[in-house]
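Close look at the chain arrangement
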Amino acid sequence: MQRYFVYFAYDGTAYHGWQVQPNGNSVQVELQNALSVLLRQPVEVVGAGRTDAGVHARMMAAHFDFDTPVDEVQLAYKLNRLLPKDISVDRVVAVDSSMHARFSAVSRTYHYYVHCRKNPFKRAYSYELHYQLDFRAMNEVAQHLLQVEDFGAFCKSHNDSKTTLCRVTRALWVQDDADSWHFVITANRFLRNMVRAVVGTLIDVGRHRISKEEFIKIVERRNRTGAGESMPAHALFLEDIKY
């Protein structure tokens, strides 16, 4: 039995997230169906993690096991011919059986995009702000996240996570042009809705609705009701995964 990693990207607009859902289409279903057709037997894939409905991925990974060798280059080519236009495969790679798409990942990086001026070409993949933000204050507060161990304050209520412990190694706002910024956050793992809740709370800091001290207290209370709103999904991208 040989294990293969598939590295791919997708526009999440039309999907109810990565994971198979009972009430809507998912990226996982599309990939499994395409592999099953090409390999002529049912194939199940295991993803590097879950992305919520409407969230995109510039780089996602999943693995599957198959009992006979496959031509990785040809499989990637055929997958791209068969998959919908909003999913593209970068490559298929044979790996050691000990490699696991989810558990072997050492870090994941997300970007959240915002713009401060109306722009019809950014609206589908960036959140339009109707107010000015103090990005210097937001970056100062974001550095506190590197000292946090428990991210319960930013975890969706009634989630199925066994632990809310995460290790964030990077968190900052980067300016792209005069009117556009994106938030970069890297961690070993993420909780459901965590990035969008962190961004919403940092935006409260940028609007001077809460201070750095209040932000720290919100984190320490580990209660989702104290944090800021969850930002819209369309501006969030899974950017990278490291193994």
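Just so it is clear, the structure is predicted and the values come from calculations on it, not from any experiment. (Residues numbered from 1 in each chain as written. Predicted model: local features only at pLDDT ≥ 70, side-chain atom pairs only at ≥ 80, totals over all residues. Heavy atoms only, no water.)

1. Remarks on helix 5 (residues 212-221)
At 3.6 residues per turn, the α-helix brings residues three or four places apart onto the same side. Every buried residue of helix 5 is listed here: Phe215, Ile218 and Val219. Taken end-on, helix 5 shows its buried residues confined to a sector of 95°, consistent with a single buried face. Turned more than 90 degrees from where helix 5 packs its buried face, Glu213, Glu220 and Arg221 sit exposed. Contacts from the buried residues of helix 5 go to helix 3 (135-142) and helix 4 (194-206). Directly beyond the C-terminal end of helix 5, a positive phi value near 55° is found at Arg222. (Buried < 20%, exposed > 50% of the residue type's maximum accessible area, 1.4 Å probe, protein only. Helix = DSSP H or I, 4+ residues; strand = E, 2+ residues; numbered from the N terminus. Arc of directions from axis to C-beta. Contact = heavy atoms within 4.5 Å.)

2. Observations regarding the packing of helix 1 (residues 27-39) against helix 2 (residues 72-82)
Between helix 1 and helix 2, whose axes approach to 10 Å, the crossing angle comes to 120°. Taken together, the axes of helix 1 and helix 2 are oblique relative to one another. Pair helix 1 / helix 2 crosses with right-handed handedness. Contact residues: Leu31, Ala34, Leu35, Val37, Leu38 and Leu39 in helix 1; Leu75, Lys78, Leu79 and Leu82 in helix 2. (Axes fitted to C-alpha atoms, helices over the stretch in contact; angles between N-to-C directions. Parallel < 35°, antiparallel > 145°, perpendicular 65-115°, else oblique. Left-handed = near helix turned anticlockwise from the far one by under 90°.)

3. Quick look at the pairing of strand 3 (residues 56-66)
Of all 11 residues that make up strand 3, nine are buried, and the element is covered over most of its length. Across eight bridges, the pairing between strand 1 (residues 2-10) and strand 3 is antiparallel. Bridge assignment links Tyr10 to a residue of strand 3, and that residue is Ala57. Across two bridges, strand 2 (residues 46-47) lies against strand 3 in antiparallel orientation. The residue of strand 3 that forms the bridge with Val46 is His63. Sheet topology note: the strand 3/strand 9 (residues 236-242) ladder contains two bridges and is parallel. Following the sheet pairing, His56 is matched in strand 9 by Phe237. (Pairing = 2+ DSSP bridges.)

4. With respect to the UniProt feature "active site" (unreviewed entry) in the protein
The feature "active site" (unreviewed entry), as given by UniProt, occupies Asp52 in the numbering adopted here. Summarising the element assignment, Asp52 is placed in the loop between strand 2 and strand 3. Ignoring any residue separated from it by four or fewer positions in sequence, one finds Asp52 in contact with Gly17, Arg192, Asn193 and Arg196. (UniProt positions renumbered as here; feature names shortened; annotations may be inferred.)

5. So, the packing of aromatic side chains
Taken as a whole and assessed by the stated rule, the structure comprises 13 aromatic pairs. Summarising the aromatic geometry, the rings of Tyr113 and Phe237 are spaced 5.4 Å apart at their centres and angled 80° between planes, so their arrangement reads as edge-to-face. Taken together, the residues span a long stretch of sequence, with Tyr113 in strand 5 (residues 107-115) and Phe237 in strand 9 at a distance of 124 residues. The pair formed by Tyr113 and Phe237 is uniform in burial state, with each residue classed as buried. Counting every residue linked through ring pairs, the aromatic cluster contains Phe135, Trp173, Trp181 and Phe183. Between Arg58 and the ring centre of Phe237, over which it is positioned, the NZ or CZ distance is 4.2 Å. Taking the ring centre of Tyr131 as reference, the NZ or CZ of Arg207 above it sits at 3.7 Å. (Phe/Tyr/Trp six-rings, centres within 6.5 Å; stacked < 30°, edge-to-face > 60°. Lys NZ or Arg CZ within 6 Å of the ring centre and 35° of its normal.)

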